Amino acid sequence: MQEIELKFLVPESRLKGLMRQAQVKSSQVLQLAAHYYDTPDQQLAQASIGLRIRKEGDTWVQTIKAGGDGIAARLEHNVLLDNEQVQAMLDNHELMPDLTIYEDTPIAEALADFKLKKLTKTLTRLYVTDVERTTRLLTESNEDETDNCIEMAYDQGEIIHGTDETRRKAIREIEFELVSGDLDFLFTTAKTWCKRYKLCLSTVTKAENGGLLINEQSHSPAVNANLSQLQIDKDSSAPAFIRAVVHNCLLQILPNSSAIVAGSIDDNHTLQLRIGIDRLRTALKVFVDFSDEINPEWLPILNQTANLLSDYYQLSYINAQIEPELQACGAPAVDWTTDIENIKITPINTLQANDFQITLLELIAFTMSDPSIEPQTDQLARDKMGKVLSKQYKKCLKTNKKTDEVSVTELMSDDVDEDIAHNDQPESELLNQLRDLRYISEFSVPLLSKKKAKKKTKRWLKRLIKAQKALEQLNDDNQYQQLYNLKSTTDANALYGAGWFAAILTDDQSHIDARLAKFADSSTFWQ
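A short tour of the structure in this document, coming up. Note that the coordinates shown come from a computational prediction; the quantities given were computed from them, not determined experimentally.

### Brief notes about the overall build of the protein
A count of helical and extended segments in the protein gives 18 helices and 9 strands. Relative to its length of 527 residues, the protein is compact, with a C-alpha radius of gyration of 26 Å against a globular reference of 24 Å. Taken over the C-alpha atoms alone, the protein extends approximately 80 × 60 × 50 Å along its principal axes. Partitioning the intrachain contacts of the protein with sequence separation of at least 6 by distance along the chain shows that 75% fall at a separation of at least 24. A total of about 26200 Å² of accessible surface is found on the protein, and carbon and sulfur atoms cover 48% of it. Taking the 59 positively charged and 79 negatively charged side chains of the protein as two groups, their mean positions are separated by 6 Å.

Laid out in structure tokens, this is it:
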């Protein structure tokens, strides 16, 4: 069966209030003791498969989870085990899952790449969980006399290393799982609890947390965009296409957001989250006419979130990356820690904001909604795509001509124009347009690419990306130069950095001109 659930982290400050709502007369409390299995090199985890044997009250259950949409839906298969047999295996330290039970089940496809007998022999217990679960059913009657039903489950406990009980990881999370009824009820309920208790979405499973414990990691690595996960066919309708694109963006956004709200201060999580949001903003802006269900309130919230992340990332990157490089070249040290501390809104504060979390929930609900009920379901996305690409491409060419009117000297001036600081110059405008064109092109390739034109498509995208990255470097260097200039008013050591980037900006321009010329001379892949 398919399991559809939403998981959230619970802030300490809201825990008491949440527990008052969770621990009502009808709620149940269970002790869950689970044993998680994988190969020593975690082959199942790499295939996004979780395998466990868990005691649920007085019952032992073997569960495997796999597949799904990567966000809220997963395949789940549960089998009740014989309590006496389990106890006998426990007494002999031989408790192991039986994989043969999956041979003729819907989960078999997820295990198709494994030889089950061989896999069974290599399985080992990697970690266990000791969790107290408080559950409560939330119901709503429908007009057709059927009930919408959600199981709310609050879990608190620990994950314990399988061979070293001193290594532990705390668990405190709440899940909302759809038992029966409409998806809308699941998301409406989750949004209500999210607003009330400042909950933050998390895609990190207990199995993933166990893997982190085994690997001695606090958080999973940052997740990059993965276009191979973009599920689009050439006959996709416009509403189905935009849902698939948003889903692909969320596959990058949600894991990085989950890591940050769980406490990660890794700049890579912030960077990849920002890129994911940029991709999503482009999709919602450019493909707004592909669906009547796109909420106009999403874009302003995403814009604000992206800008706040950028402000923090810029100073953090200077402190962690640029400063060591400059000092290795003989520059005097510049301390940016106070500047970073003075930023009132950090990445975790930004993502914990209710409006951002609600937006994420609404976007997930959008991707899971049925595109066939929209008025535009008979419109093929590919029939609209050529016009979208051509319009964006012409914008880029027009703005590229404007850049010739702005000299490098003006960009490097110490007297920085306010418009430049707010990215209103042609170079910044062109960068944004090239970035949009790149994302649009990458999204549209499955619709428009032809076998005979694969090389042409690849070459065009390569030239576009090189032009975008070159202009991005200029933009970054210009921003860094401005920050060092500003810093030099209170710390003379920063003059070295300001001069360094002023020199680099001169070299950037010739490189950019060459990249833009190649891009402009390339024939497009969609015509």
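Next comes the rest of the account.
### Brief notes about the pairing of strand β8 (residues 168-180)
As defined by bridge partners, strand β1 (residues 2-9) adjoins β8 across 5 bridges and the pair is classed as antiparallel. In the sheet register, K7 faces β8, and the bridge partner there is E175. Examined bridge by bridge, strand β7 (residues 147-161) and β8 share 12 bridges and lie antiparallel to one another. Across the sheet, residue Y154 finds its bridge partner in β8, namely I174.

### A closer look at unusual backbone geometry
A positive phi angle, close to 60°, is found at Q42, a residue other than glycine. You can see Q42 is positioned in the loop between β2 (28-38) and α2 (43-46). Its relative accessible area of 11% is what places Q42 among the buried residues.

### Description of the state of the cysteines
Applying the stated criterion across every chain, the model contains 0 disulfides. Here C194 is not disulfide-linked; the sulfur of C200 is the nearest cysteine sulfur, at 6.9 Å.

### A few points about the nonpolar core
In terms of nonpolar packing, the biggest core is built from 92 residues, with F8, I174, F176, L199, F241, F287 and M385 touching the most fellow members. Take this core: its biggest share by element is 13 residues, from helix α7 (residues 238-261). F176 has contacts with I4, E5, L6, F8, L138, I150, E151, M152, L186, T189, W193 and L199, leaving out every residue within four places of it along the chain. One finds I53, F114, L116 and L119 within the second-largest nonpolar core, a separate group that totals 18 residues.

### What about the pairing of strand β5 (residues 73-80)?
By the bridge criterion, 3 bridges tie β1 to β5 in an arrangement that is antiparallel. Opposite Q2, over in β5, you have L75 as the bridge partner. Inspection of the sheet shows strand β4 (residues 59-66) paired to β5 by 6 bridges, in the antiparallel sense. Paired with V61 across the two strands is L80, which belongs to β5. Linking two consecutive strands that pair antiparallel, namely β4 and β5, is a turn of 6 residues; a positive phi of about 60° is found at G67 within it.

### Observations concerning a positive patch on the surface
There is a patch of like positive charges on the surface, built from K234, K450, K451 and K454. Mapped onto the elements, K451 comes out in the loop between α16 (426-448) and α17 (454-487). Classification of K451 as exposed rests on a relative accessible area of 77%.

### Concerning the packing of aromatic side chains
In this structure the tally under the stated criterion is 21 aromatic pairs. When the ring of W193 is compared with that of Y197, the centres are 5.6 Å apart and the planes differ by 50°; the resulting orientation is tilted. Of this pair, W193 and Y197 both sit in helix α5 (residues 183-197), separated by 4 residues, roughly a single helical turn. The buried category is assigned to Y197, whose relative accessible area is 6%. Following the ring pairs from residue to residue traces out a cluster consisting of Y313, Y317, W336, Y480, Y484 and F501. K487 extends its terminal NZ or CZ atom over the ring of W336, reaching a point 5.2 Å from the ring centre.

### Describing the packing of helix α13 (residues 381-402) against α16
Remark: α13 packs on α16, axes separated minimally by 9 Å, with the N-to-C direction vectors making an angle of 155°. As far as their axial angle goes, α16 and α13 are roughly antiparallel. You can see that α13 and α16 cross each other, and the crossing is left-handed. Every residue of α16 that contacts α13 at A381, R382, M385, V388, L389, Q392, Y393, K395, C396, T399, N400 and K402 is listed here: P426, E429, L430, Q433, L434, D436, L437, I440, S441, S444, L447 and L448.

### Here's the deal with the side chain of R54
Among the secondary structure elements, R54 is positioned in strand β3 (residues 50-56). Polar contacts involving the side chain of R54 include one to the side chain of E56, which spans 2.9 Å. Excluding anything up to four places from it in sequence, R54 contacts L32, A33, A34, T59, W60, V61 and R133.

### Observations regarding the side chain of S258
The residue S258 is located in helix α7 in this model. Note on S258: relative accessible area 1%, which makes it buried. Among the polar contacts listed, one links the side chain of S258 to the backbone nitrogen of T203, at a separation of 3.0 Å. Among all residues touching S258, those that are not within four sequence positions of it are L201, S202, T203 and V204.

Rules behind the numbers
Residues numbered from 1 in each chain as written. Predicted model: local features only at pLDDT ≥ 70, side-chain atom pairs only at ≥ 80, totals over all residues. Heavy atoms only, no water. Helix = DSSP H or I, 4+ residues; strand = E, 2+ residues; numbered from the N terminus. Rg over C-alpha atoms; globule rule 2.2 N^0.38 Å. Contact = heavy atoms within 4.5 Å. Areas by Shrake-Rupley, 256 points an atom, 1.4 Å probe, with all protein chains shown as cover. Lys, Arg positive; Asp, Glu negative; His and termini not counted. Charge placed at Lys NZ, Arg CZ, Asp CG, Glu CD. Pairing = 2+ DSSP bridges. Buried < 20%, exposed > 50% of the residue type's maximum accessible area, 1.4 Å probe, protein only. Disulfide = S-S within 2.5 Å. Core = buried A, V, L, I, M, F, W, Y, C linked by side-chain atoms within 4.5 Å. Patch = residues over 30% accessible without salt bridge, like charges linked within 9 Å, V, L, I, M, F, W, Y side chains within 5 Å. Salt bridge = Lys/Arg side-chain N within 4 Å of Asp/Glu carboxyl O. Phe/Tyr/Trp six-rings, centres within 6.5 Å; stacked < 30°, edge-to-face > 60°. Lys NZ or Arg CZ within 6 Å of the ring centre and 35° of its normal. Axes fitted to C-alpha atoms, helices over the stretch in contact; angles between N-to-C directions. Parallel < 35°, antiparallel > 145°, perpendicular 65-115°, else oblique. Left-handed = near helix turned anticlockwise from the far one by under 90°. Polar contact = N/O pair within 3.5 Å; in protein donor to acceptor, adjacent residues only side chain to side chain.

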